[in-house]
Amino acid sequence: MDPFMGEAIPANSVATNGASFHDSFSSELLFSTTAAERENLAVELVDAVVYKIPLRSDAPVIVQMPTLVQRDFADKKEFVLAAKIYLKRLRQRVAGDHGLESAKAFMAGANTFVQRALQHFDDLEFYAGRDSGVNPGEAVAIICHYLGGIQPRLLLWVDGCTVAATEPEPE
């Protein structure tokens, strides 16, 4: 069973029409898709705060996200500390951009997601931008490896990334 069930994002949105996902604080590229991958990209929204993006099962994760480096948390406590610091930055951004009520709704969804991530901590891999390194206040991309061989999924904070349509590739 998928521990991070989400709602499908409409097929005509930027996130599903093929996109590049950049860290909203550093502008560093987190993930992008090719023209072929865009055709069937089924992006979902989890807890109204996280994009869930399917990765190819035929290529290593780092090949699909060459600008990221793996980040290891010693334990759940270290992950929670990093999440709190980062989510505080995101909450401030959401409050400034959309108001306090939106920030409260964001934090409710974020807390639900973090609790679920803790329950499945051993099934997750964590990545950060090359420039951010191990700074606990920086974005972390999360890869979830499901039991039963289902292809891995990339999990990115919606308010932690800027999504832009990628240019069509030359034919």
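Data block above holds the structure.
Residues numbered from 1 in each chain as written. Predicted model: local features only at pLDDT ≥ 70, side-chain atom pairs only at ≥ 80, totals over all residues. Heavy atoms only, no water.

K.L.:
Help me understand the overall build of the chain in this model?
P.N.:
In terms of helices and strands, the chain carries four helices and 10 strands. Counting from the amino terminus, helix and strand elements in the chain follow one another as β-β-β-α-β-β-α-β-α-α-β-β-β-β. Residues counted as buried form 45% of the 171 residues belonging to the chain. Restricting to contacts in the chain with at least 6 residues of sequence separation, those with at least 24 account for 70%. (Helix = DSSP H or I, 4+ residues; strand = E, 2+ residues; numbered from the N terminus. Buried < 20%, exposed > 50% of the residue type's maximum accessible area, 1.4 Å probe, protein only. Contact = heavy atoms within 4.5 Å.)

K.L.:
What should I look at first to understand helix 3 (residues 76-98) in this one?
P.N.:
Because each turn of an α-helix spans 3.6 residues, side chains separated by three or four positions end up pointing in the same direction. Between its first and last C-alpha atoms helix 3 spans 31 Å; for 23 residues at 1.5 Å apiece the expected length is 33 Å, and the two agree. Those residues of helix 3 lying buried are Phe79, Ala82, Ala83, Tyr86, Leu87, Leu90 and Val94. Here the buried face of helix 3 lies against strand 6 (68-71), helix 4 (100-119), strand 7 (124-129), strand 8 (141-144) and strand 9 (153-157). Capping the start of helix 3 is the job of one residue whose side-chain oxygen sits 3.2 Å from the backbone nitrogen of lysine 77: aspartate 75. After helix 3 finishes, the residue glycine 99 shows a positive phi value of roughly 100°. (Expected span 1.5 Å × (residues − 1). Polar contact = N/O pair within 3.5 Å; in protein donor to acceptor, adjacent residues only side chain to side chain.)

K.L.:
How should I be thinking about unusual backbone geometry in this particular structure?
P.N.:
The phi angle of most residues is negative, glycine excepted, and most peptide bonds adopt the trans form. Of note in this structure, serine 27 is not a glycine but carries a positive phi near 65°. By the secondary structure assignment, serine 27 is in the loop between strand 2 (19-23) and strand 3 (29-32). Serine 27 gets classed as exposed once you look at its relative accessible area, which sits at 54%. Although it is not a glycine, aspartate 47 adopts a positive phi angle of roughly 55°. Here aspartate 47 shows up in the loop between strand 4 (44-46) and strand 5 (50-54). Residue classification places aspartate 47 among the partly exposed residues on the basis of a relative accessible area of 23%.

K.L.:
When you look at the packing of aromatic side chains in this model, what are you seeing that I'm missing?
P.N.:
Any aromatic ring pair is given by two values, namely how distant the centres are and how the planes are angled relative to each other. Scanning the entire structure with this criterion turns up nine aromatic pairs. With a centroid separation of 5.1 Å and 40° between ring planes, the pair formed by phenylalanine 79 and phenylalanine 126 is classed as tilted. A residue pair is termed long-range when its members are at least 10 positions apart, and phenylalanine 79 in helix 3 and phenylalanine 126 in strand 7 qualify at 47 residues. Residue class for phenylalanine 126 comes out buried when judged on its relative accessible area of 4%. Feature note: the residues Phe73, Phe79, Phe121 and Phe126 constitute an aromatic cluster, connected by ring pairs. For the cation-ring pair, arginine 89 lies above phenylalanine 25, with the distance from its terminal atom to the ring centre recorded as 3.8 Å. Against the face of phenylalanine 25 rests arginine 93, its NZ or CZ located 4.2 Å from the ring centre. (Phe/Tyr/Trp six-rings, centres within 6.5 Å; stacked < 30°, edge-to-face > 60°. Lys NZ or Arg CZ within 6 Å of the ring centre and 35° of its normal.)

K.L.:
Sorry if this is basic, but what is going on with the environment of lysine 88 here?
P.N.:
Within the secondary structure, lysine 88 sits in helix 3. Sequence-wise, lysine 88 and methionine 107 are 19 residues apart; in three dimensions their C-alpha atoms are separated by 8.9 Å.

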